[in-house]
Amino acid sequence: MDAFPRKTPIVLLVSQSVLRILVIALTVTAICLTFTAKQTVEFLGIEFYAKYSYSPAFRYFVSTNIVVVVLSIISLLFLFIYVKSTTPYRCYNIFVCDFIATVLGVSGCAAAASIGYVGRYGNGHSGWSPICDYVDKFCNRIQISLICSGLGLILLVVLTFWSAIRITKLVTISR
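Reading the values: rules and limits
Residues numbered from 1 in each chain as written. Predicted model: local features only at pLDDT ≥ 70, side-chain atom pairs only at ≥ 80, totals over all residues. Heavy atoms only, no water. Helix = DSSP H or I, 4+ residues; strand = E, 2+ residues; numbered from the N terminus. Buried < 20%, exposed > 50% of the residue type's maximum accessible area, 1.4 Å probe, protein only. Contact = heavy atoms within 4.5 Å. Areas by Shrake-Rupley, 256 points an atom, 1.4 Å probe, with all protein chains shown as cover. Patch = residues over 30% accessible without salt bridge, like charges linked within 9 Å, V, L, I, M, F, W, Y side chains within 5 Å. Salt bridge = Lys/Arg side-chain N within 4 Å of Asp/Glu carboxyl O.

K.L.:
Which parts of the structure should I look at to understand the overall build of the protein chain?
P.N.:
The helix and strand tally for the protein chain stands at 4 helices and 2 strands. When the helices and strands of the protein chain are read in sequence order from the N terminus, they spell out α-β-β-α-α-α. Split into buried and exposed, the 175 residues of the protein chain put 40% on the buried side. When contacts within the protein chain are restricted to residue pairs at least 6 apart in sequence, long-range pairs at least 24 apart make up 77% of them. For the protein chain, the accessible area works out to roughly 10,400 Å², and carbon and sulfur atoms hold 69% of it.

Laid out in structure tokens, this is it:
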């Protein structure tokens with residue numbers, strides 16, 4: 001007995017493929033926006049530069065997004081390899097890729113968002129002034145990058161739960 005009716009694997013394959021491609025597109029967009037985020041401003045005759053590479057949090061954000069893209073491509077390949085698989089162990093590989101990508105993506109996005117928040121609003125308790133009033137193009141580009149990455153992470157969470165549910169159903173049916 002099949003785990004799913006005959007038409008369901010095609011629907012699952014197409015819908016999961018579309019979601020995974022959207023994750024890849026959103027994450028690549030976030031990487032490109034962050035890579036190109038830079039601005040030079042002059043203040044009191046002194047030039048100041050804002051680049052993503054000046055912040056360890058933004059470098060970590062780009063690194064984790066690259067890993068998310070790679071893992072999403074791998075899980076997309078697994079999806080096509082295991083399209084007719086009814087064993088839970090083969091579907092487990094997809095779940096692991098989704099889960100690791102989600103966890104790393106969330107950590108990178110959180111690190112960049114925290115630095116972005118301090119850049120936008122400052123921190124009066126620490127004496128850090130906001131810098132986004134001076135480098136608004138840089139900050140806006142980083143903000144759009146964080147939004148793209150966040151949307152990709154929402155889709156990754158959906159895919160992770162979807163993979164876990166599929167494994168659960170396959171384990172239940174195989175018993």
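K.L.:
How should the environment of isoleucine 131 be read in this particular structure?
P.N.:
Here isoleucine 131 shows up in the loop between helix H3 (88-121) and helix H4 (136-174). Taking the C-alpha atoms as reference, isoleucine 131 lies 8.5 Å from valine 118; in sequence the two are 13 residues apart.

K.L.:
What exactly am I supposed to notice about a nonpolar patch on the surface here?
P.N.:
Together, Phe43, Leu44, Ile46, Phe48, Ile131 and Tyr134 line one region of the surface with nonpolar side chains, adding up to about 650 Å² of accessible area. By the element assignment, tyrosine 134 lies in the loop between H3 and H4. On the accessibility criterion, tyrosine 134 (49% relative accessible area) is partly exposed.

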